[in-house]
Amino acid sequence: MLGKKVKFALAIGSAAAVFFAAGCGDSKTETNANGVPKVIRVGAETTFPPFEFTQDDKYVGFDLDLADALCKEMGSKMEFKSMGFDALIPAVQSGQIDLVISGMNATPERAKQVTFSDPYFTDDGFILIVRKDNDTIKDWSDLAGKNVGAQVGTEQVKEAQKWNPAQVKQLDSNSQAFMELQAGTLDAVAIDQPVGRYYLKQGADKDLKTVGSVKDAVGMAIAMKKDNKELETAVNSALNKLHENGTYDKIYEKWFGKKA
């Protein structure tokens, strides 16, 4: 049998553990006057310029600026977390983060796992990028038997697979895909249109080019945990206000220029 001192120590330890756990829970769920967390944890995959990427050892991009503005509009502070794209939805589901703002297409399949906000970016769609010396791939139908790269967990993977390529290599980041394309281990890269065009403008258009038609996407939206009605309402309301007061347009112009 355990001695009295041991029992007492275990009891104190258990009580302390319960107190600590309760304290951690309270700090994470503390809400502001709008009924949303005072600190909103936002997750994104940070190799996706111009939406989110690293510049001068800092995370920057359209999504980060928008996320910060949204959190401020909701009366909260943003806490940012960088993680792999395929880890974002599980992180929301498990409560590690509150929002995903990471160029994520609001597909019906994903909507079964998370709740999506109203679309915040609709100038997207998927494109193909190949080397300039490639004259065999002119559209998506020419991917048959070719090696195609796309970021893991994205809709571009599914789109590329429709065209019977030899393989669709799923890579952790778009930068990896472009490196393999330049090296010749990939014949083409399937990617979101704004991301691909931004990359080409940074100097990659010397060796690479876009080909084929733009495949329509369903629009990018903000993901959050299922059935969190308070947060969903607050996010959509804040997004609408950012459109009304011109903040959204200023952020858009900063990264993409004025809309035509």
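Data block above holds the structure.
Attention in this report is confined to the structure presented alongside it. (Residues numbered from 1 in each chain as written. Predicted model: local features only at pLDDT ≥ 70, side-chain atom pairs only at ≥ 80, totals over all residues. Heavy atoms only, no water.)

1. Observations concerning the overall build of the protein
Quick note on the threshold: Only DSSP runs of H or I reaching four residues or more are called helices, and only runs of E reaching two or more are called strands; each is numbered from the N terminus. Buried, partly exposed and exposed residues are distinguished by accessible area as a fraction of the type maximum, computed with a 1.4 Å probe on protein chains only: under 20%, between the cut-offs, and over 50%, respectively. Note on contacts: a residue pair is in contact if any heavy atoms of the two residues lie within 4.5 Å. Calculation of accessible area relied on Shrake-Rupley with a 1.4 Å probe; when residues are assessed, cover is drawn exclusively from the protein chains displayed.
A count of helices and strands for the protein gives 9 helices and 12 strands. Going through the 260 residues of the protein one by one, you find that 45% of them count as buried. By sequence separation, contacts in the protein at least 24 residues apart represent 69% of the contacts at least 6 residues apart. Here the protein displays about 13400 Å² of accessible surface, and carbon together with sulfur accounts for 51% of that area.

2. Side note on the pairing of strand 8 (residues 147-151)
It is a general feature of regular strands that their side chains alternate between the two faces of the sheet. Just so we agree on the cut-off: Strand pairing follows a simple DSSP-based rule, namely that at least 2 bridges must link the two strands. The path from the first strand over the helix to the second decides the hand: if it runs clockwise while the strands point away from the viewer, the crossover is right-handed.
The element strand 8 is largely enclosed, with a buried count of 4 among its 5 residues. Sheet topology places strand 8 next to strand 9 (residues 167-171); 5 bridges connect them, and they run parallel. Its bridge partner lying in strand 9, N147 is registered against Q167. Traced from strand 8 through helix 5 (residues 155-161) to strand 9, the parallel crossover comes out right-handed.

3. Remarks on the packing of helix 2 (residues 62-73) against helix 8 (residues 229-244)
We count it as follows: To get an axis, fit a line to the C-alpha atoms, keeping to the stretch in contact for a helix; angles then go from 0 to 180 degrees between the N-to-C directions. Under this scheme an angle from 65 to 115 degrees is roughly perpendicular, one under 35 degrees roughly parallel, and one over 145 degrees roughly antiparallel; angles in between are oblique. For this classification, the nonpolar set comprises Ala, Val, Leu, Ile, Met, Phe, Trp, Tyr, Cys and Pro, the charged set comprises Asp, Glu, Lys and Arg, and every other residue, Gly included, is treated as polar.
Packing of helix 2 against helix 8 leaves a shortest axis separation of 9 Å and a crossing angle of 110 degrees. Here helix 8 runs roughly perpendicular to helix 2, going by the angle between their axes. Contacts from L66, A69, L70 and E73 of helix 2 reach helix 8 at V235, A238, L239, K241 and L242. Among the residues forming the contact of helix 2 with helix 8, the class breakdown is 7 nonpolar, no polar and 2 charged.

4. Digging into the sheet that holds strand 4 (residues 77-82)
Read from one edge to the other, the open sheet built from 5 strands follows the order 4-1-5-12-6, with strand pairing classed as mixed. Because the sheet does not close on itself, it has two edges, and the strands there are strand 4 and strand 6 (115-116). Sheet topology places strand 5 (residues 99-100) next to strand 12 (residues 223-224); 2 bridges connect them, and they run antiparallel. Bridging across to strand 12, L99 finds its partner in M224. Where helix 2 meets the sheet, its contacts fall on strand 1 (39-44) and strand 4, and the angle it forms with strand 4 comes to roughly 150 degrees.

5. Focus on the packing of aromatic side chains
Definition in use: Aromatic pairs are defined between Phe, Tyr and Trp rings, using the six-membered ring for Trp, whenever the two ring centres lie within 6.5 Å; interplanar angles under 30 degrees are classed as stacked, those over 60 as edge-to-face, and all others as tilted.
Taken as a whole, this structure holds 17 aromatic pairs when the rule is applied. Considering the side-chain rings of F62 and Y252, the 6.4 Å spacing of their centres and the 90 degrees angle between planes classify their relative orientation as edge-to-face. Highlighted residues: F62 in helix 2 and Y252 in helix 9 (residues 247-256), separated in sequence by 190 residues. You'll find F62 and Y252 in the same group, each marked buried. An angle of 45 degrees between the planes, with centres 5.1 Å apart, marks the rings of F121 and F256 as tilted. Residue F121 is located in the loop between strand 6 and strand 7 (126-131), and its partner F256 is located in helix 9; the two are separated by 135 residues in the primary sequence. Among the residues examined, F256 registers a relative accessible area of 24% and is labelled partly exposed. Grouped by ring-pair contacts, the aromatic residues F48, F51, F62, Y120, F121, Y248, Y252 and F256 constitute a single cluster.

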